[in-house]
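Residues per chain are reported as follows:
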Amino acid sequence: MIMPAVSVIIVSYKVRYYIEQCLNSVLRSVPDAQILVVDNKSDDGSVEYLKERFPQAEVIANDFNAGFGKANNMALAKAQGRYVLFLNPDTVVAERTIPGCIGYMDEHPEVGAVGVRMQHGNGRFAPESRRSLPTPSVSFWHMTGLGKLFPKSKVFGKYHCTYLNKDMECPIDVVSGAYMFVRREALDKVGGFDEAFFMYGEDIDLSYRILQAGYQNRYLPLPIVHYKGESTNKTSYRYAKVFYDAMLIFFNKHFKRYSRLFALLVRIVV
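Residues numbered from 1 in each chain as written. Predicted model: local features only at pLDDT ≥ 70, side-chain atom pairs only at ≥ 80, totals over all residues. Heavy atoms only, no water.

Student: Where do I start with the overall build of the chain in this structure?
Tutor: A tally of regular secondary structure across the chain gives 10 helices and nine strands. The long-range fraction of contacts in the chain, counting pairs at least 24 apart against all pairs at least 6 apart in sequence, stands at 76%. By element, 54% of the accessible surface of the chain is carried by carbon and sulfur atoms, the whole surface being about 12,600 Å². (Helix = DSSP H or I, 4+ residues; strand = E, 2+ residues; numbered from the N terminus. Contact = heavy atoms within 4.5 Å. Areas by Shrake-Rupley, 256 points an atom, 1.4 Å probe, with all protein chains shown as cover.)

This is the structure we're talking about:
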């Protein structure tokens, strides 16, 4: 049996029309990919819809909302590719993007994970395509808004690496979970997503563990469209609280000596 080069894992929750676009773009890019979709108990007919239109995809239908990390891990246990792509359902992948990642990773065994150039639906560059580790100082400058005021500063603009050319390959700390292309060997060493995170923060934690294992993370200027925010109100209190609670979990796990100070800053921001 020939193993696929890449296993594509998508977690779905009430996004049946977005995921159709996503899967069509994946199949144009890598027709022989293993595709695993985990549905977190959508009530919009997603499971039946996917099984009918994409028989080549394996659909795992949960009877509860398992969250992002746990759902990805369910599919990861079935993944057979030498690379694993964790992909958001509200994305459209360019035909050259996944093959480009495969070729790059084949030539760079020191790289554990890569992220790509994400564009919003309106064509604007998504700054979360490149991120530094959210240390206390990096997080502080980001939360105060100084990163937006001084994007070319290597100090204030470090969170989203805004001082770097977005058309150039570069090292990064954090690969976005919207498109997270990971070497399977690295996942075997560090494990999958930490299920203590229900939503948000899992990609930061996994990226950091990949770095700790001795690999590099890289940004490649290969394009995808990410319709971020279509199903979530990013200005709501609930979103802010869930996101910053996830940051507290990360800090308590990896930077406990800073957690009290950061917790205070987080509460002020929320």
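Student: Help me understand the pairing of strand β8 (residues 179-183), please; the structure alone is not making it clear to me.
Tutor: For a regular strand, side chains alternate in direction, first toward one face of the sheet and then toward the other. Burial analysis of β8 places five of its five residues in the buried class, which makes it a mostly covered element. Alternating residues of β8 divide into Tyr179, Phe181 and Arg183 and Met180 and Val182, and every residue in both groups is buried. Pairing of strand β6 (residues 111-119) with β8, which is carried by two bridges, proceeds in the antiparallel orientation. Across the sheet, the residue bridging to valine 114 is phenylalanine 181, located in β8. (Buried < 20%, exposed > 50% of the residue type's maximum accessible area, 1.4 Å probe, protein only. Pairing = 2+ DSSP bridges.)

Student: I keep staring at helix α2 (residues 46-53) and nothing clicks. Help me out?
Tutor: Of all the positions in α2, only Ser46, Val47, Tyr49 and Leu50 are classed as buried. The arc that holds the buried residues of α2, viewed along the axis, is 165 degrees, so those residues lie on one side. Structural note: α2 exposes Glu48 and Glu52 on the side pointing more than 90 degrees away from its buried face. In this structure, the buried residues of α2 make contact with β1 (6-12), α1 (16-29), β2 (34-39) and β3 (58-61). (Arc of directions from axis to C-beta.)

Student: Looking at this structure, I do not really get the pairing of strand β4 (residues 83-87). What am I missing?
Tutor: Among the five residues that make up β4, five are buried, leaving the element largely enclosed by the rest of the structure. Of the two faces of β4, the one holding Tyr83, Leu85 and Leu87 and the one holding Val84 and Phe86 are both buried throughout. Across five bridges, β1 lies against β4 in parallel orientation. Residue valine 8 lies in a different strand from β4, and its bridge partner there is leucine 85. With five bridges connecting them, β4 and β8 associate as antiparallel partners. Residue pairing for β8: phenylalanine 86 is matched across the bridge by methionine 180.

Student: How do you make sense of the side chain of histidine 160 when you look at a structure like this?
Tutor: Along the chain, histidine 160 falls in the loop between α6 (146-149) and β7 (170-172). Every residue in contact with histidine 160, bar those within four places of it in the chain, is listed here: Pro127, Glu128, Arg130, Arg131 and His142.

Student: Any chance you could explain the environment of leucine 222 here in plain terms?
Tutor: Structurally, the position occupied by leucine 222 is in strand β9 (residues 216-226). The exposure class of leucine 222 is buried, given its relative accessible area of 13%. On a C-alpha basis, the gap between leucine 222 and isoleucine 98 in space is 8.5 Å, while along the polypeptide they are 124 residues apart. The residues touching leucine 222, leaving out its near neighbours within four places in the chain, are Arg96, Thr97, Gly100, Cys101, Val116 and Arg117.

Student: Please explain the side chain of threonine 91 as it appears in this structure.
Tutor: Take threonine 91: it is sitting in strand β5 (residues 91-93). Within the structure, threonine 91 has its side chain in polar contact with the backbone oxygen of asparagine 88 (distance 2.6 Å). Beyond its immediate stretch of four places on either side in the chain, threonine 91 contacts Gln21, Cys22, Ser25, Ala178, Ile224, Val225 and His226. (Polar contact = N/O pair within 3.5 Å; in protein donor to acceptor, adjacent residues only side chain to side chain.)

Student: Just checking my understanding: could you explain the packing of aromatic side chains for this structure?
Tutor: We describe a pair of aromatic rings using the distance from one ring centre to the other and the angle between the two ring planes. Enumeration according to the criterion identifies six aromatic pairs in this entry. Between tyrosine 18 and tyrosine 227, the aromatic rings sit 5.8 Å apart at their centres with planes inclined by 45 degrees, giving tilted as the arrangement. Taken together, the positions of tyrosine 18 in helix α1 and tyrosine 227 in the loop between β9 and α9 (237-254) put the pair 209 residues apart, joining distant regions of the chain. Accessibility expressed as a relative area gives 22% for tyrosine 227, which makes it partly exposed. Ring centres of tyrosine 83 and phenylalanine 181 lie 5.4 Å apart, and the angle between their planes is 35 degrees; on these two criteria the pair is classed as tilted. A residue pair is termed long-range when its members are at least 10 positions apart, and tyrosine 83 in strand β4 and phenylalanine 181 in strand β8 qualify at 98 residues. Phenylalanine 181 shares its class with tyrosine 83; the two are buried. (Phe/Tyr/Trp six-rings, centres within 6.5 Å; stacked < 30°, edge-to-face > 60°.)

Student: Please clarify how the pattern of salt bridges should be interpreted in this entry.
Tutor: Any two side chains of opposite charge can pair, on the condition that their charged atoms come close. Scanning all chains against the criterion turns up nine salt bridges. Salt-bridge contacts for lysine 78 lead to glutamate 58; the nearest nitrogen and oxygen are separated by 3.4 Å. Of this pair, lysine 78 sits in the loop between α3 (68-76) and β4 while glutamate 58 sits in strand β3; the two residues are 20 residues apart in sequence, bridging distant segments of the chain. Between glutamate 169 and arginine 218 there is a salt bridge whose closest N-O contact spans 2.7 Å. Of the two residues, glutamate 169 sits in the loop between α6 and β7 while arginine 218 sits in strand β9, which places them 49 residues apart along the sequence. Given the relative accessible area of 15%, arginine 218 is considered buried. (Salt bridge = Lys/Arg side-chain N within 4 Å of Asp/Glu carboxyl O.)

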